[in-house]
Amino acid sequence: MSSPATGNASWRPRWTRAQVGIALLLALLLVVAGKLFWVQGLDPTGRAEAAAESRTQTEVIPAVRGDIKDTNGEVLARTLQRYDITVDQTAVAAYTRVKEDQSTEEVTPTQAVYEIADALSLPDTEVKNALDGDKTFNYVARGVTPEQYGKIQDLNLPYVFGQPTFQRSYPNGAVGGSIVGFLGGDNEALGGIEQTQDDKLRGVNGERRYEISGDGVRIPVAPQELQSPQDGADVQLSMDSDVQYFAQQAVSERAEELNAEWGSAVVMDIKSGKVLAMADSSTVDPNVPGEAEGEDLGVRSVTHAVEPGSTQKILTTAAVMDQGIANPDTEITVPPHLQIDSEKITDAFDHGTQNRTVAGIIADSMNTGTVIMGSKMDKQTRHDYMADFGVGQSTGIELPGETSGILAPADDWDFRQQFTVLFGQGVSQSPLRTASIFQAVANDGVLIEPRLVESTEEADGSVTTPEQPEGKRVVSPEAAQQTMDVMETVVTEGGAKEAAVPGYRVGGKTGTAEAPSDQGGYDGYTTSFVGVAPMEDPQYLVAVTLQRPEGDVHTIGVTETFSTIMEQVLHHYNVPPSTTDPVEIPKEVPDNLDRSVTPTNALDQTWPSPAREESQG
């Protein structure tokens, strides 16, 4: 009889190899299933999201840059939609293309080269070179038109892409080029309105996010995210393209005739301070900015400071009138020169002692008489009037690089400078600032800082008008009118008869100042003329400046250039001819005049000791 122990030992279960294999397989499946549940169900590490992100392509949708327009709505700068065509060279391979009729065709890389070349009108070899290589990103063509991009899209090549971009176009070319400005190679705003109004013009880019398959083709049924761009606003200027063009032509001709270093012309609306033109004798074409000289990139009437010379005598005259020191026909005895201590002030022409009116002193641009009447104001008063007129301060014009010029504190003036500032020496300012001084006088004594931007229009059509600068009274209306009478005498009786405009009453003032050299001293002249018209109702101002013209000091003026531009401006805006006669103020007081009926009292000839300085009229 066998024992139980022996029987139990013979009963042990036996696992076949198949059973072991099945058990291991089941265990592996359980692990895999658990892992899938962990990854896809719980996904604590965000792997599903990461996988989706790896399939997501982000495409920037650039905002369309706003237009720049002149006062009449003429486009000065516009944006043209363009596309950059790129290729993933590592993905270039034969591709089965589904045609519109749902049939298929095999597209080889060679065939793709021919098709791309035809669509873009490029040489086959150029396209082939663009597609050959191991780069994941390479340009095939840049700045192609929407029509060309449409042809590329029709090819449906999975390794060729289009990136939207834009191209800036400037239809007027160099007309007002430095005012408008331009863009750099990476669309950086450089110069002019493009730069100062960039935050309004550029808009906000949008983007499109979508999923792509392994071969780089967009998955049509996959969801996409779209953030639409916000296009930039249009900026409208007060600049009138017709006036700008004519002013540029006129000042360029005069600058070339006299071989001047540069010339500028400013045209302003007197009542509003709006700038209608700021012309330079040479300027940048924003379409090809690389071809311009560095000096041509800015607006010189804004960026350059010069000594104004005798045009500043109008500021002195207005201050003297405002202080009640004199009237246009006040008699002043003017000696051949002023000798004070060791200092001597002379005029641009020889003369004996003369009994001059204030109008006569300014008409013939006499430094001596100007100092005599201006010296009736103390130093601080002289300084305060210049500061009130904006001398030594920027105008705030919406252009980059504006100079504020130089007006030293009155306490810092030396013995000579305290008097030379009365006739435009020892002080510097931009031609635009000089123009604004005349604007204030012609505007009944109210200064309105010049402005160029009229309005901005958003993509939705809403229009914003910038807050206009408040007018600032600098002299009384009576003083302003008296100064205007003096300015008219300069043209009718003085040394600026060539500034006259047929049919219109005109007033203004010449200026000739020595131009300082970079090496010290002086090496030429700055000549100018600023005038307004019509005198009975002043509406427009023209200021012309030449830097270092060549020739005799008496023949390098710009009065005729002023007349040419002003005549065009008056006709362009249909200003009726004058119907009143010019004021009549004698330049000299006759020796046999009955002193009991002198229009105004003679000016007391006592004055503080002036200093030596010579300035041409």
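Residues numbered from 1 in each chain as written. Predicted model: local features only at pLDDT ≥ 70, side-chain atom pairs only at ≥ 80, totals over all residues. Heavy atoms only, no water.

Trainee: Report on the overall build of the protein, specifying residues and quantitative values.
Mentor: When helices and strands are tallied, the protein shows 19 helices and 25 strands. Residue pairs at least 24 apart in sequence account for 73% of intrachain contacts in the protein once pairs closer than 6 positions are excluded. (Helix = DSSP H or I, 4+ residues; strand = E, 2+ residues; numbered from the N terminus. Contact = heavy atoms within 4.5 Å.)

Trainee: Describe the side chain of Thr370, listing the residues and the values that go with them.
Mentor: Tracing the chain through its elements places Thr370 in helix α14 (residues 367-374). What Thr370 contacts, discounting residues up to four positions off in sequence, is Lys313, Thr316, Ile361, Ile362 and Leu422.

Trainee: Describe in detail a nonpolar patch on the surface, supporting the description with residues and values.
Mentor: A cluster of nonpolar side chains, Ile22, Leu25, Leu26, Leu28, Leu29 and Val31, forms an exposed patch at the surface whose accessible area comes to about 600 Å². With respect to the helices and strands, Val31 occurs in helix α2 (residues 17-42). (Patch = residues over 30% accessible without salt bridge, like charges linked within 9 Å, V, L, I, M, F, W, Y side chains within 5 Å. Areas by Shrake-Rupley, 256 points an atom, 1.4 Å probe, with all protein chains shown as cover. Salt bridge = Lys/Arg side-chain N within 4 Å of Asp/Glu carboxyl O.)

Trainee: Describe the sheet that holds strand β24 (residues 522-533), and please don't skip the residues or the numbers.
Mentor: Strand order in the open sheet formed by five strands is β14-β13-β25-β24-β23, with antiparallel pairing between adjacent strands. For this open sheet the edge positions go to β14 (275-280) and β23 (507-516), each flanked by a neighbour on one side alone. Put simply, the sheet's adjacent strands are angled 10° from each other on average, direction ignored. As paired elements, strand β13 (residues 262-269) and β14 share five bridges and run antiparallel to each other. Bridging from a neighbouring strand, Ala265 pairs with Ala279 of β14. Most of the contacts of helix α19 (residues 559-572) go to strand β25 (residues 540-547), to which it runs at about 150°, and overall it touches β13, β23, β24 and β25. (Pairing = 2+ DSSP bridges. Axes fitted to C-alpha atoms, helices over the stretch in contact; angles between N-to-C directions.)

Trainee: Give a description of the nonpolar core that names residues and reports values.
Mentor: In terms of nonpolar packing, the biggest core is built from 113 residues, with Leu237, Met278 and Leu452 touching the most fellow members. Residues contacting Leu452, with those up to four places away along its chain left out, are Ile179, Ile193, Gln236, Leu237, Ser238, Met239, Val275, Met278, Ile397, Glu398 and Leu399. Listed in part, the 22 residues of the second largest apolar core include Val87, Ala112, Ala141 and Leu155. (Core = buried A, V, L, I, M, F, W, Y, C linked by side-chain atoms within 4.5 Å. Buried < 20%, exposed > 50% of the residue type's maximum accessible area, 1.4 Å probe, protein only.)

Trainee: Give me the lowdown on helix α4 (residues 109-120), citing residues and values where you can.
Mentor: Here α4 contains twelve residues, and its C-alpha end-to-end distance of 16 Å stays within 8% of the 16 Å for a straight helix at 1.5 Å per residue. Here α4 has its buried residues at Ala112, Val113, Glu115, Ile116, Ala117, Ala119 and Leu120. Just downstream of α4, Ser121 is the residue with a positive phi angle, here 55°. (Expected span 1.5 Å × (residues − 1).)

Trainee: Describe the confidence of the model for the protein, with residues and values.
Mentor: Scored by pLDDT, the protein comes out at a mean of 88, with 85% of its residues at no less than 70. The low-confidence segment residues 607-616, where pLDDT is below 50, has 52 contacts with residues more than four positions distant or belonging to other chains. (pLDDT = per-residue confidence, 0-100.)

Trainee: Account for the pairing of strand β20 (residues 453-457), naming residues and giving values.
Mentor: For β20, a buried count of four out of five residues is recorded, marking the element as mostly surrounded by other parts of the structure. Sheet analysis places β20 next to strand β21 (residues 463-464), joined by two bridges and oriented antiparallel. Across the sheet, Thr456 pairs through a bridge with Thr464, a residue of β21. With antiparallel pairing between neighbouring strands as the criterion, β20 and β21 make up a hairpin whose turn holds five residues, including Gly461 at a positive phi of roughly 95°.

Trainee: Account for the environment of Asp231, naming residues and giving values.
Mentor: Tracing the backbone through its elements, the reader meets Asp231 in the loop between β11 (225-227) and β12 (234-237). Taking the C-alpha atoms as reference, Asp231 lies 9.4 Å from Gly206; in sequence the two are 25 residues apart. Those residues in contact with Asp231 that sit more than four places away from it in its chain are Ala63, Val64, Gly203 and Ala459. At a separation of 2.9 Å, a polar atom in the side chain of Asp231 contacts the main-chain amide nitrogen of Val64. (Polar contact = N/O pair within 3.5 Å; in protein donor to acceptor, adjacent residues only side chain to side chain.)

Trainee: Any chance you could break down the environment of Lys509 for me, citing the residues and the numbers?
Mentor: Secondary-structure assignment places Lys509 in strand β23. With 22 residues separating them in the primary sequence, Lys509 and Gly531 have C-alpha atoms 6.5 Å apart. Within polar-contact distance, the side chain of Lys509 engages the side chain of Ser365 at 3.0 Å.

Trainee: Got a sec to walk through helix α17 (residues 431-442)? Specific residues and values, please.
Mentor: Over its twelve residues, α17 runs 17 Å from end to end, which matches the ideal 16 Å to within 8%, given 1.5 Å per residue. Most of α17 sits inside the fold, with twelve of its twelve residues counted as buried. Of the positions making up α17, those classed as buried are Pro431, Leu432, Arg433, Thr434, Ala435, Ser436, Ile437, Phe438, Gln439, Ala440, Val441 and Ala442. Positive backbone phi, at 60°, marks Asp444, one or two positions downstream of α17.

Trainee: Account for the environment of Asn138, with residues named and values stated.
Mentor: Topologically, Asn138 is positioned in strand β6 (residues 138-144). On the basis of relative accessible area, Asn138 is assigned to the buried category, the value being 15%. Residues Asn138 and Val160, 22 residues apart in the sequence, show an inter-C-alpha distance of 9.7 Å. Those residues in contact with Asn138, other than ones at most four positions away along the chain, are Ile85, Thr86, Val87, Gln89 and Ala130. A polar side-chain atom of Asn138 sits 3.0 Å from the main-chain carbonyl oxygen of Ala130.

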